[in-house]
Amino acid sequence: MMASALPVRAVSAEPIPLVDLKAQYARHRPELDEAVQRVAANTSFIGGAEHEAFAREFAAWCGDGHVALVGNGTDALELAVIELLGEGDGKGEIVTTSHTFIATAESIANAGYRPVFCDIDEGTCLTPPDAIERAITANTRAIMPVHLYGQMADMPAIRAIADRYGLKVIEDAAQAHGAVFDGIGVGELGDAACFSFFPGKNLGAWGDAGAVYARDKALIERINRRANHGRTDKYLHDYQGVSSRLDTLQAAILRVKLRHIDDWNRARRQVASWYDELLSGQNGVALPVTDPRATSVFHLYVVKIDDRDRVRETLNAAGIGAGVHYPVPVHEQPAFRHLGHAPGDFPVTSRVARRVLSLPIYPEITRAQVERVAAALIDAVRA
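The structure contained in this document is the topic of the report that follows. No experiment lies behind these values; they were computed from the predicted model shown.

With that settled, the discussion passes to the environment of Ala-286. Mapped onto the secondary structure, Ala-286 falls in the loop between α9 (261-279) and β12 (294-295). Distance in space between the C-alpha atoms of Ala-286 and Arg-225 is 46 Å, their sequence separation being 61 residues. Those residues in contact with Ala-286 that lie beyond four places of it in its chain are Val-303 and Lys-304.

Structural data, given as structure tokens:
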């Protein structure tokens, strides 16, 4: 059934960005400015009370567990792999997806393991559990599911597979702050869940920042040590670590934003429902698919269309910040050419990469702005 025609109205020529951090700052400026001033007044810029408080508060928000705060989401993944599996020798394998940001595979390789890719479901863009199981070999050491676009992978099934083969599970939750699958939250079934607080995330800092959440306190303590030069005291180091610390300013900002994340996620779901309403039934526009057991937090609202690059350029020229996540699958990246994959090795992944288009979505976007985006998309697809 075709959707009803969009209302004809005069629209503002103001640009509609893919993500609008200026709008977020304007709405919460007093709280954010106060947090920055508090850090400056205390002159505690590494560690300290703000850092410890955010670690506690974020752990409580995630569930009954513990949190290590690190420099970015990529480090979170790499540190979790090393502390769960040990440093690899290049032979051990970790099963993951090619339809993701390169950091997923990069963290696996940097920890000394070989990423093994699976193809994806064309609707959800997530890796089906049966595809993961087929990719397991005698060299497999772990599974790294990616909770993409705000939707969790099928963690109960993935956990069952991991237990059957004696594997660890490291969740890439960079886009899934607050996502739920069948009543289960991020980090409840994995051995570790790794978050990015890159500024554009649902819970974003004002720079690079990341975290590892786990129920295993000893694991989090080891990650904290490794992220802080392997030290047990100021000038005593058990082993060679790295310098990957979430600074105090970011912790203070994230404490403010954590108070609003549940409301922001609800707002994102409302925006997604507006897009669904306005774009449903439009020829040439495939809407995002959410597993009925999942509650997405819509980090991104991603449609699939033909002639994607032309449509994106048309939208961008009209002041609409459409983007692509992701145009080149990891198995086609020059950085992973040594793995020897051809585009046809994962045909759904390669096909989806040519068709995905991300539309503007953020808590502050208005219904009128969404209508303008939807109308422009429909016109561009028809052209």
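This next bit is on the packing of aromatic side chains. Summed over all chains, the structure comprises 10 aromatic pairs. Plain terms: the ring middles of Tyr-25 and Trp-206 are 5.8 Å apart, the flat faces sit at 75 degrees to each other, and that makes the pair edge-to-face. A residue pair is termed long-range when its members are at least 10 positions apart, and Tyr-25 in helix α1 (residues 21-42) and Trp-206 in the loop between β8 (192-196) and β9 (210-214) qualify at 181 residues. On the accessibility criterion, Tyr-25 (27% relative accessible area) is partly exposed. Judged by centre distance (5.1 Å) and plane angle (85 degrees), the ring pair of Phe-58 and Phe-195 falls under edge-to-face. One end of the pair, Phe-58, is in helix α2 (residues 49-62); the other, Phe-195, is in strand β8, and 137 residues separate them in sequence. On the accessibility criterion, Phe-58 (0% relative accessible area) is buried. Judged by its relative accessible area of 1%, Phe-195 is buried. An aromatic cluster of at least three residues, connected via ring pairs, comprises Phe-54, Phe-58, Trp-61, Phe-195 and Phe-197.

All right, on to the packing of α2 against helix α8 (residues 248-258) then. One can describe the packing of α2 onto α8 by two numbers: an axis separation of 8 Å at closest approach and a directional angle of 40 degrees. α2 and α8 meet at a crossing whose hand is left-handed. Counted together, Glu-50, His-51, Ala-53, Phe-54, Glu-57, Phe-58 and Trp-61 of α2 and Thr-248, Ala-251, Ala-252, Leu-254, Arg-255 and Leu-258 of α8 form the full contact between these two elements. Residue composition of the contact of α2 with α8, grouped by class: 8 nonpolar, 2 polar and 3 charged.

In terms of nonpolar packing, the biggest core is built from 44 residues, with Phe-54, Phe-58, Val-186, Phe-195, Phe-197 and Leu-254 touching the most fellow members. Sort the elements by how many residues they give to this core and α2 lands first, with 5 residues. Residues Ile-16, Ala-272, Ala-322 and Ala-380 belong to the second largest nonpolar core, which totals 28 residues.

Rules of the game
- Residues numbered from 1 in each chain as written.
- Predicted model: local features only at pLDDT ≥ 70, side-chain atom pairs only at ≥ 80, totals over all residues.
- Heavy atoms only, no water.
- Helix = DSSP H or I, 4+ residues; strand = E, 2+ residues; numbered from the N terminus.
- Contact = heavy atoms within 4.5 Å.
- Phe/Tyr/Trp six-rings, centres within 6.5 Å; stacked < 30°, edge-to-face > 60°.
- Buried < 20%, exposed > 50% of the residue type's maximum accessible area, 1.4 Å probe, protein only.
- Axes fitted to C-alpha atoms, helices over the stretch in contact; angles between N-to-C directions.
- Left-handed = near helix turned anticlockwise from the far one by under 90°.
- Nonpolar A, V, L, I, M, F, W, Y, C, P; charged D, E, K, R; others polar.
- Core = buried A, V, L, I, M, F, W, Y, C linked by side-chain atoms within 4.5 Å.

Treat this as a map of the structure, not an account of what it does.
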